Amino acid sequence: MAGFFTRGIILEQRKEPALRRKLRTFLNANYANMLFESDLPCDGAELFGEEIIEIARLARIIDERDGMFLHEKLEKARQMEAKVLVGDAIDDEPYVSSQLNPLLFLQKEAGEGLRLAAKAVGNPKIYFAIYKNLSDVDLKTKLPKKIEGVEIRRIHGRYPAEFRTMDDFDGQGPTVLVGICSLIHLYRAVYEHRIQSTCFVTVAGRCVANPTNLEVSIGMTPTQLFERCGLAEEPGYVVVGGSMTGEVCPDPDSYLVGTMSRAVLALRDEEKKRRYQCVGCGRCAEVCPENLTPFYINRYIEQGRYEELAFYDIHRCIGCGTCSYICPAKIDIAQNIKQAKAEMAKNRQKKEADENAAV
Amino acid sequence: MPQYEPKAPYVRSRDSAFTMMADMIIAMLPLYFMAFYFYGSRALLLGLASVAAAVISDLACILLEGKTPYFRDISAVVTGMLLPLMMSAATPYYVVVSASVFAIVFVKHVFGGVGQCAFNPAAAGFAFAVSCWPAQVFAYPAPFSAPGAFGSAAEGLSSGPAWNLFQGGVPTNDILDLLLGKFLGPMGLTNIVVLVTCLFYLLFRGAVSWQAPATFFAVMVLAVFLFPRIPETGPMSLVYEATTGMWVFGGIFLLGEPGTLPKRSSSRLLYGALAALFTVLFQRFGQVEQTFAFALLLTNVFGFTLDRGSERLLRRLRRVYIATKTKRSEKKSAQRA
């Protein structure tokens, strides 16, 4: 029921057919199978918690959720005595399925990886988390209740669901979220001593002929990925990092895909430039998951009255983009807020520097 | 590469300002059809004249401001269509046209155009017409009397049941006629069945938010039911007031005007209640028979204040919530230690 009352937007997920298709690999031969040297045994059962963290450090695994090093994250979780460890496969943005697809097709590696991470943290409860409202996942890929004996929790509610994950595990003590892809890499590091040289990426969008999830070598370009999957037509523009919060990639020939990329989308340039003025309907305030009033924030930004923004709690904006999505006047509210926040931070830094200089 | 820089998010909702306004227009079409049925082609011509005046003055204002006109911005058409519906079908053309020009030029564009207006343009245009030509606006032709399509149609006009109510008397109309809209009244306001259908259409399409109309109609119905201003029982008073008054039409089409409506849902609830309160007070102590437009203009003033107050309350609640949450988690970790 929690999901019914949450704010946000209901999105068409558009994950198919990439989600149902088998995960494919697309590796650069020079970097495949890079191993690190270690005397530790290649068996998870024989390792102690500290040793697993040490292996994560040697393998240089990065968590695709937030860009943290996995060993730092596990160390921190160990120190704060985390009670719950969640393998995060919540792909709540349309088109993106680069966490869910590896979880479904590399079940053993993901499950064992989560167990290893749990051992490193000090045996907390473990779960997988998947978004509930995957509207277009049909019965064929109906998601299991358990994977490798680990319970799957479905995160309910409307679009920005990922930031609400903590609330689902609230009653059980300190919770730590770890991305699925980094868990798979942890498994490989422990059992094969492999350095993380690949990442999982969804290649999708209107212009892609065969939308697929790929495991690619770090450092490939979007153009190479499109060659692998085939382009149905010349893309209008290329987006890296998800359809709601990603960024336009101005040069797909030289951009390097990394751990945090998660998705490479080739989209059609079909939206015409709209020149509506804000009609003041207030839909942005209705959908904001943080219960802010983007209408007034945007208006004060346009007027340049930055001193008013603190009153409207602009710092609590999570940048999910629901306000821009719903806006009938097609105003880039989320983008404006992001820029204003950056500018305010810059001004603050400048002020502090001036004060320090004066002292 | 695209001609303009696309910005996140790259998927957008299909609704636009155009579809919102188009929904309003679609909702008004049955009202125009009923007006045509009762009063003939003059009803449609009044609408056309008003829309033409609104669109032309809107275009002129935009050009004078040095902006480029945008053909998808059809808010002027909505304002133009709303105005004649509130007036008698025999209103002279110059009244409708000047009301519509006043609404666009002096209410909409003086404050900065779309979404910036401090007062509801259609309500202000109606108030302007009532203040300048009360006799013409409130003199109604009988249904099916077909006033002449062109020129003045000042013959055979009389006041309707709304005037009786204003005078403190009970209208003598048949109840069925009242419910079907077959009585002397403004050309678009008399068909309560059609109006309620329009409300459901607009709510379903999301063109009107539910909060303001909900409290507005709740307070209005309660006030009319419990404190009738005529010597009649509550239910009868409700039937008379709802069928003859402008507030049903206003609550559906004017109250939800996006530019003047507060943005937070809590302040929308209060706003609706406030509009109802003012309408009732104006009915009791006002000097004209249709008071909703004036009450709405007064309510418009409080829109921003309500939003600011609601935001202040929200800020406080947010901080209290975060404080209790951190306190609870601290307590838990202390227990564990």
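Note: the structure precedes this text.
What you are looking at is a predicted structure, and each value in this text was computed from that prediction instead of being measured. (Residues numbered from 1 in each chain as written. Chains lettered and ligands numbered in written order. Predicted model: local features only at pLDDT ≥ 70, side-chain atom pairs only at ≥ 80, totals over all residues. Heavy atoms only, no water.)

Chemist: I'm lost on the nonpolar core in this one. Help?
Modeler: For soluble globular proteins, the rule of thumb is that nonpolar side chains tend to be buried together. All names here are of chain B. Counting 102 residues, the largest nonpolar core has F126 and F253 as the members making the most contacts within it. The element best represented in this core is helix 1 (residues 17-39), accounting for 13 residues. Leave out the neighbours within four places in its chain, and F126 touches L83, M86, M87, V137, F138, M246, Q290 and A293. (Core = buried A, V, L, I, M, F, W, Y, C linked by side-chain atoms within 4.5 Å. Buried < 20%, exposed > 50% of the residue type's maximum accessible area, 1.4 Å probe, protein only. Helix = DSSP H or I, 4+ residues; strand = E, 2+ residues; numbered from the N terminus. Contact = heavy atoms within 4.5 Å.)

Chemist: Just to check I follow, could you spell out the sheet that holds strand 5 (residues 150-155) of chain A for this structure?
Modeler: Sheet strands line up and pair through hydrogen bonds in the backbone, either parallel or antiparallel. Residues and elements named next belong to chain A. Strand order in this open sheet of five strands is 4-5-3-2-6, and the pairing throughout is mixed. Looking along the sheet, the strands with just one partner apiece sit at the ends: strand 4 (146-147) and strand 6 (175-179). Pairing between strand 4 and strand 5: two bridges, direction antiparallel. Looking at strand 5, one finds that I147 is bridged to V150. Each of strand 2 (84-89), strand 3 (125-131), strand 4 and strand 5 touches helix 5 (residues 107-121); the most contacted strand, strand 3, lies at about 135 degrees to it. (Pairing = 2+ DSSP bridges. Axes fitted to C-alpha atoms, helices over the stretch in contact; angles between N-to-C directions.)

Chemist: Explain unusual backbone geometry here, please?
Modeler: With the exception of glycine, most residues fall at negative phi, and the peptide bonds are largely trans. All names here are of chain A. Here the amide bond leading from E16 into P17 is cis, since omega sits at 0 degrees, within 30 degrees of zero. Here P17 is to be found in the loop between helix 1 (2-5) and strand 1 (24-26). Within the chain, R14 stands out as a residue other than glycine whose phi angle is a positive 50 degrees. Inspection of the secondary structure puts R14 in the loop between helix 1 and strand 1. According to the relative accessible area criterion, R14 is partly exposed, its value standing at 25%. Here the phi dihedral of R60 falls at roughly 55 degrees; this positive angle occurs in a residue that is not glycine.

Chemist: Sorry if this is basic, but what is going on with the pattern of salt bridges here?
Modeler: When their charged atoms lie close together, side chains carrying opposite charge are able to pair. The final tally for this structure, using the stated rule, is 30 salt bridges over all chains. For the salt bridge of R153 of chain A with E151 of chain A, the shortest nitrogen-to-oxygen distance reads 3.4 Å. Across the pair D167 of chain A and K325 of chain B runs a salt bridge whose closest N-O atoms are separated by 3.9 Å. One end of the pair, D167 of chain A, is in helix 6 (residues 165-168); the other, K325 of chain B, is in helix 15 (residues 303-336), on a second chain. For D167 of chain A, a relative accessible area of 41% corresponds to the partly exposed category. For K325 of chain B, a relative accessible area of 30% puts it in the partly exposed group. One network of salt bridges, with partners in common, ties together D313 of chain A together with R315, R318 and R319 of chain B. (Salt bridge = Lys/Arg side-chain N within 4 Å of Asp/Glu carboxyl O.)

So, to be careful, I would describe these as geometric facts and stop short of saying anything about function.
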